Amino acid sequence: MAWVTKDSVETYTPPEAAKEYTRKEKAANWWHYNKMIVAVVIAAVVLMAVFLKDTVLQTRPDVKIGYVGTTELPQDTVTALQDALVPFCSDLNGDGKVVVQISQYTVDFSGAESNADAYYQMAGVTQLSAEVTGGETFLYILQDPAGFEKNTGALRYRDGTQPDDAETLPDDAWQQMVYRWSDCPVLTGLALGQYEGYTLMDSLTGDNQDVLANLYIGARGVWDDKNADKFAAGEALWQQLTAGAAE
C-alpha cells in the first residue's frame, strides 16, 4: 500500500492585521456608500422647505387685485398702491393684519408682441386664465379693458349687474364696465409718491400716479359662490374706490 506523506516541518503564516484607516479615508468610504441617501434626504428637506414657504408660512392676502398690461408696473408703484389701499380693507382671514396683494399679468391682447416676448406672453396668458377661472381676484387694473373683456368675458357692469353667461356683448360693452383711473377722485387722491427705476435695468424716476393715470379699473362678474367672502371684500373696496367717479 502506498502512503502519502508530507513534510513534517510546516510553516504557519498568521493573517495580516486589519488595516487602520485614517479619518479622511473613513469619511471618503462612508460618503462612497451613502452619498445617494444623503442626496435624497437633502432633496426631501428642500421640497419640504418650499412647501412650508408656499403654504404654512406664506402671507395670505385679504384682497387680491390683478394688473393686466403689456409691461409690468414699477415695483415701487405696486408697493405704494398696496400700502395705500390697506386702510380701505379689513382683516378678512383673521390673521391679525390687513394685506392687499397686486399680481401682475403681462399680456398683449393685440397680438403684436415680438418673438422675443412670446414666452412671457404665453406665461402671462396661462397665469391670467388660471386666475380668472378659479382664482380670488375681484378687481382688475387694466391697460386694455376692451381686449381683456373680449378675451376673458370676466367683467361686470359698473352698477353691479352682470351679463348673462351666454349673452353676446357688443364690442363697446366694456365702456360700461370700467372707470378710467383719472376719473376716480378717490384713486387720484391716493398719496403714492415716486418710483425709482421703471425696471431693474434703468434709472428712470417719476410719479406713481402718472404711471396709473391712463389705466382703467373694473370688477369681475361673479357667476358662482366660490370665494364669496373674498368677492364681498372686493365689492366693498370697489364701492369705496369708485365713489364719485365720472360716468
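Above this text is the structure in question.
Residues numbered from 1 in each chain as written. Predicted model: local features only at pLDDT ≥ 70, side-chain atom pairs only at ≥ 80, totals over all residues. Heavy atoms only, no water.

*Asks:* Any chance you could break down the sheet that holds strand β4 (residues 178–180) for me, citing the residues and the numbers?
*Replies:* The strand order across the open sheet formed by 5 strands is β2-β1-β3-β7-β4, and the pairing between neighbours is mixed. Two strands close off the open sheet at either side, each with one partner strand: β2 (100–106) and β4. Strand after strand, the sheet turns through a mean of 25 degrees between neighbouring axes, direction not considered. By the bridge criterion, 4 bridges tie strand β1 (residues 63–69) to strand β3 (residues 139–142) in an arrangement that is parallel. Bridging across to β3, V68 finds its partner in L142. Lying over the sheet, helix α4 (residues 145–152) contacts β1, β3, β4 and β7 (216–219), oriented at roughly 130 degrees with respect to β3. (Pairing = 2+ DSSP bridges. Helix = DSSP H or I, 4+ residues; strand = E, 2+ residues; numbered from the N terminus. Axes fitted to C-alpha atoms, helices over the stretch in contact; angles between N-to-C directions. Contact = heavy atoms within 4.5 Å.)

*Asks:* Which residues make up the environment of N208, and what values go with them?
*Replies:* Residue position: N208 is located in helix α6 (residues 208–212). Owing to a relative accessible area of 0%, N208 belongs among the buried residues under this scheme. For the pair N208 and P74, spaced 134 residues apart in the sequence, the C-alpha separation amounts to 8.5 Å. Setting aside its immediate chain neighbours within four residues, N208 contacts D76, T77, A80, L192, G193, Q194 and Y195. Separated by 2.6 Å, the side chains of N208 and T77 make a polar contact. Within the structure, the side chain of N208 is placed 2.7 Å from the backbone oxygen of L192, a separation counted as a polar contact. (Buried < 20%, exposed > 50% of the residue type's maximum accessible area, 1.4 Å probe, protein only. Polar contact = N/O pair within 3.5 Å; in protein donor to acceptor, adjacent residues only side chain to side chain.)

*Asks:* Which residues make up helix α7 (residues 228–241), and what are the values?
*Replies:* A rise of 1.5 Å per residue sets the reference length of α7, with its 14 residues, at 20 Å; its end C-alpha atoms lie 20 Å apart and thus fit the reference within 8%. Taken together, the buried positions of α7 are occupied by K230, F231, A233, G234, L237, W238 and L241. The arc enclosing the buried residues of α7, seen along the axis, measures out at 155 degrees, which places them on a common side. Packed against the buried residues of α7 are β1, α2 (75–85), β3, β4, α5 (185–188) and β7. (Expected span 1.5 Å × (residues − 1). Arc of directions from axis to C-beta.)

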